[in-house]
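# Coordinates in review
Single-letter residue listing:
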Amino acid sequence: MKLSELKKEHSGVITCVNGDSRFVSRITSIGLTPGCKVTVVKNEKRRPLLVYSRDTMIALNRNECADIEVEEAV
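Residues numbered from 1 in each chain as written. Predicted model: local features only at pLDDT ≥ 70, side-chain atom pairs only at ≥ 80, totals over all residues. Heavy atoms only, no water.

## Remarks on the overall build of the chain
Helices and strands together make up the secondary structure of the chain, namely two helices and five strands. Written out in order from the N terminus, the α and β elements of the chain read β-α-β-β-β-α-β. Against the 2.2 N^0.38 benchmark of 11 Å for 74 residues, the chain shows a C-alpha radius of gyration of 11 Å, consistent with a compact globule. Once the C-alpha set of the chain is aligned to its principal axes, its extents read approximately 30 × 25 × 25 Å. By the burial criterion, 30% of the 74 residues in the chain qualify as buried. Sequence-distant contacts, at least 24 apart, represent 56% of the contacts inside the chain between residues at least 6 apart. Of the roughly 4800 Å² that the chain leaves accessible, carbon and sulfur atoms contribute 47%. With 12 positive and 10 negative side-chain charges, the chain shows a separation of 7 Å between the mean positions of the two kinds. (Helix = DSSP H or I, 4+ residues; strand = E, 2+ residues; numbered from the N terminus. Rg over C-alpha atoms; globule rule 2.2 N^0.38 Å. Buried < 20%, exposed > 50% of the residue type's maximum accessible area, 1.4 Å probe, protein only. Contact = heavy atoms within 4.5 Å. Areas by Shrake-Rupley, 256 points an atom, 1.4 Å probe, with all protein chains shown as cover. Lys, Arg positive; Asp, Glu negative; His and termini not counted. Charge placed at Lys NZ, Arg CZ, Asp CG, Glu CD.)

## Let's talk about the pattern of salt bridges
For the structure shown, the criterion picks out one salt bridge. Across the pair Arg-26 and Glu-64 runs a salt bridge whose closest N-O atoms are separated by 2.1 Å. Taken together, the residues Arg-26 in helix α1 (residues 21–29) and Glu-64 in helix α2 (residues 62–65) connect sequence positions 38 residues apart. (Salt bridge = Lys/Arg side-chain N within 4 Å of Asp/Glu carboxyl O.)

## Considerations on the environment of Lys-45
Turning to its location among the elements, Lys-45 is positioned in the loop between β2 (37–42) and β3 (49–53). A C-alpha to C-alpha distance of 9.2 Å links Lys-45 and Arg-62, two positions 17 residues apart in sequence.

Following this line, the structure appears as structure tokens:
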């Protein structure tokens, strides 16, 4: 599933980061790498997605979230 499909206060593990090399480099440099656990703090329509990962709050736009695949954590 895409990162933007996770609901508020749900967690997931990043399985894949797709996109061009510039995008992948930028996303991985802020700590969002495959195997990384993320928790959705805010997921409102037409607003940036706010996630918490590795002791950091990260805001991502909706287009970026479409290229980050996650598996919902149990």
